[in-house]
Amino acid sequence: MQTERANDGGQAARREPKVIVGAAIIEDGRVLACARSAPPEVAGKWEFPGGKVEPGESETAALVRECAEELAVRVEIGERVGRNVKMAHGRSVLKVYAARLLHGDRPQALEHSDLRWLSATELDTVPWLPADAPIVTALRPLLLSPPR
C-alpha cells in the first residue's frame, strides 16, 4: 500500500506508510494486554506492546527493542497474527506478531498504567484500541489451540 502527497514541484510523490509493530506475547494460553497511560484521548484503552519501526530496522528487531523498552523483557518473535491494520488515515499500518517471553522474564509496566494476562474468554473484558480490535479477533483461535 502506498499513499501519495505532493512534493515541492507539485508532483505526486509516493510514500510508504509508517510501520507500527505490536507483540501478542502469549504464555500458558493467555496474551499480555497493556493499558495506555497517555496521551489523554487513549489513556485507559488496551493494546499490544510495540511501537514504530525505525529507519533501517527490521520489524522483528523493532519489536524486540520495544518490548525491552516498554516491559523490560526479552522476547522471541514468531508468526504474524491477523492482517495489516490501517491507522492514521492510511499513513501508518499496524502489524502484530506472536511472541514468547525468554529466560523467565516477567513484564513490568514501565510505560503502561496496567498489564493483564487474558485468556480467550477474557479478551472482551477490556476496551481495546480500535486498531488492536481486529487482532484480538484473529488471536482468539491461537489462544484456544494447544501449544506446539
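Source: prediction; values computed, not measured. (Residues numbered from 1 in each chain as written. Predicted model: local features only at pLDDT ≥ 70, side-chain atom pairs only at ≥ 80, totals over all residues. Heavy atoms only, no water.)

A.B. asks: Looking at this model, I keep getting lost on the side chain of D105. Mind explaining?
C.D. replies: Locating D105 in the fold gives a position in the loop between β8 (92–101) and β9 (112–119). Among residues more than four places away in sequence, those in contact with D105 are A72, V73 and R74. (Helix = DSSP H or I, 4+ residues; strand = E, 2+ residues; numbered from the N terminus. Contact = heavy atoms within 4.5 Å.)

A.B. asks: When you look at the nonpolar core in this model, what are you seeing that I'm missing?
C.D. replies: Side chains of nonpolar character tend, in soluble globular proteins, to be buried together. Ranked by size, the top nonpolar core spans 22 residues in total, and within it V31, F48, L123, W128 and L139 carry the most contacts. Mapped onto this core, the elements with two or more residues apiece are β3 (18–27), β4 (30–36), β7 (75–87), β8 and α2 (133–144). If one sorts the elements of this core by residue count, α2 sits on top with four residues. Those residues within four positions of F48 in sequence are excluded, and the remaining contacts are A23, A24, V31, L32, W128, D132, I135, V136 and L139. Ranked by size, the runner-up nonpolar core spans 19 residues in total, among them A62, V75, Y97 and L101. (Core = buried A, V, L, I, M, F, W, Y, C linked by side-chain atoms within 4.5 Å. Buried < 20%, exposed > 50% of the residue type's maximum accessible area, 1.4 Å probe, protein only.)

A.B. asks: What is the right way to read helix α1 (residues 59–71) from this model?
C.D. replies: Each full turn of the α-helix corresponds to 3.6 residues, which orients residues three or four apart in the same direction. Under the 1.5 Å per step criterion, the end-to-end length of α1 is 18 Å for 13 residues, consistent within 8% with the ideal 18 Å. Taken residue by residue, α1 has A62, L63, E66, C67, E70 and L71 as its buried positions. Viewed end-on, α1 has its buried residues packed into an arc of 130 degrees, placing them on one side of the element. Those residues of α1 that are buried are in contact with β3, β4, β6 (50–52), β7, β8 and β9. Looking one or two places after α1, you find A72, whose phi comes out positive at around 55 degrees. (Expected span 1.5 Å × (residues − 1). Arc of directions from axis to C-beta.)

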